[in-house]
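Residue-level structural notes
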Amino acid sequence: MKSYFTLLIVSLSLVFSCSKPKQSASSEPAANTPKISLSRQRIPQNGWLVMNGTGFTPKANVQSHLRRPDGTEYPEVSILTDVRGGFSHDIDTLLMLRGGHDVWVVDSTTGVSSNVGHFEATNEPGPAERPIP
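Below, the structure is looked at part by part. None of the values given here were measured: they were computed from a predicted structure.

Glancing now at the overall build of the protein. Of the regular secondary structure elements, the protein holds 1 helix and 8 strands. Helices (α) and strands (β) of the protein occur, in sequence order from the N terminus, as α-β-β-β-β-β-β-β-β. Out of the 133 residues in the protein, the part that is buried amounts to 29%. Across the protein, the fraction of contacts at a sequence separation of at least 24, relative to all contacts at a separation of at least 6, is 63%. For the protein, the computed accessible surface area is about 8,700 Å², with 60% contributed by carbon and sulfur atoms.

As structure tokens, this is what we get:
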């Protein structure tokens, strides 16, 4: 009788341990981490760059932040993500201060921020047309 109860307890413990969802730090998919990339880092006068984002909440608003070389920020820009949580946004440097700028995006739903991208608005002559993605 004792071995029957031992077998029953072992069987039940296996059933319950297998039915629990396993949680670990690696269970979060890396694709859900908000990330931005810039089409180029040095922009000649009157130029353009494209900021692409991935890993944000699908079909939701995100807030783009852009810091000037003097440390102040331009007003935030709201961007709507697509069904995969991505977006593409043009940045025109025509009226920007010359120097280094930082840009990052915050997911309005989760509050999670992307990495910080950096680009330099220069006085250099060069192709100012919009880059082809």
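After that view of the structure, there is still more to cover.
A separate point is unusual backbone geometry. You will see that Lys59, though not glycine, has its phi angle at about 50°, which is positive. Mapped onto the fold, Lys59 is located in the loop between β3 (48-54) and β4 (61-67). Given the relative accessible area of 62%, Lys59 is considered exposed.

A separate point is the environment of Ser88. Mapped onto the elements, Ser88 comes out in strand β6 (residues 87-92). In this structure the C-alpha to C-alpha distance between Ser88 and Met51, which are 37 residues apart in sequence, comes to 5.8 Å. Those residues in contact with Ser88 that lie beyond four places of it in its chain are Val50, Met51 and Asn52. Here Asn52 takes part through its side chain, which lies 3.1 Å from a polar atom of the side chain of Ser88.

Once that is clear, we can look at the pairing of β4. For β4, a buried count of 5 out of 7 residues is recorded, marking the element as mostly surrounded by other parts of the structure. Relative to strand β5 (residues 77-80), β4 runs antiparallel, the two sharing 4 bridges. Bridged to Asn61 within β5 is Leu80. Alignment of β4 against strand β7 (residues 99-107), held across 6 bridges, turns out to be antiparallel. Paired with Leu66 across the two strands is Val103, which belongs to β7.

One open sheet holds the 3 strands; their spatial order is β1-β3-β6, and the pairing between them is antiparallel. Only two strands of the sheet have a single partner each, and these edge strands are β1 (35-38) and β6. Mean inter-strand twist for the sheet, computed between neighbouring axes without regard to direction, equals 25°. In this sheet, β3 lies alongside β1 in antiparallel orientation, the contact comprising 4 bridges. Following the sheet pairing, Ile36 is matched in β3 by Gly53.

How each quantity is defined
- Residues numbered from 1 in each chain as written.
- Predicted model: local features only at pLDDT ≥ 70, side-chain atom pairs only at ≥ 80, totals over all residues.
- Heavy atoms only, no water.
- Helix = DSSP H or I, 4+ residues; strand = E, 2+ residues; numbered from the N terminus.
- Buried < 20%, exposed > 50% of the residue type's maximum accessible area, 1.4 Å probe, protein only.
- Contact = heavy atoms within 4.5 Å.
- Areas by Shrake-Rupley, 256 points an atom, 1.4 Å probe, with all protein chains shown as cover.
- Polar contact = N/O pair within 3.5 Å; in protein donor to acceptor, adjacent residues only side chain to side chain.
- Pairing = 2+ DSSP bridges.
- Axes fitted to C-alpha atoms, helices over the stretch in contact; angles between N-to-C directions.

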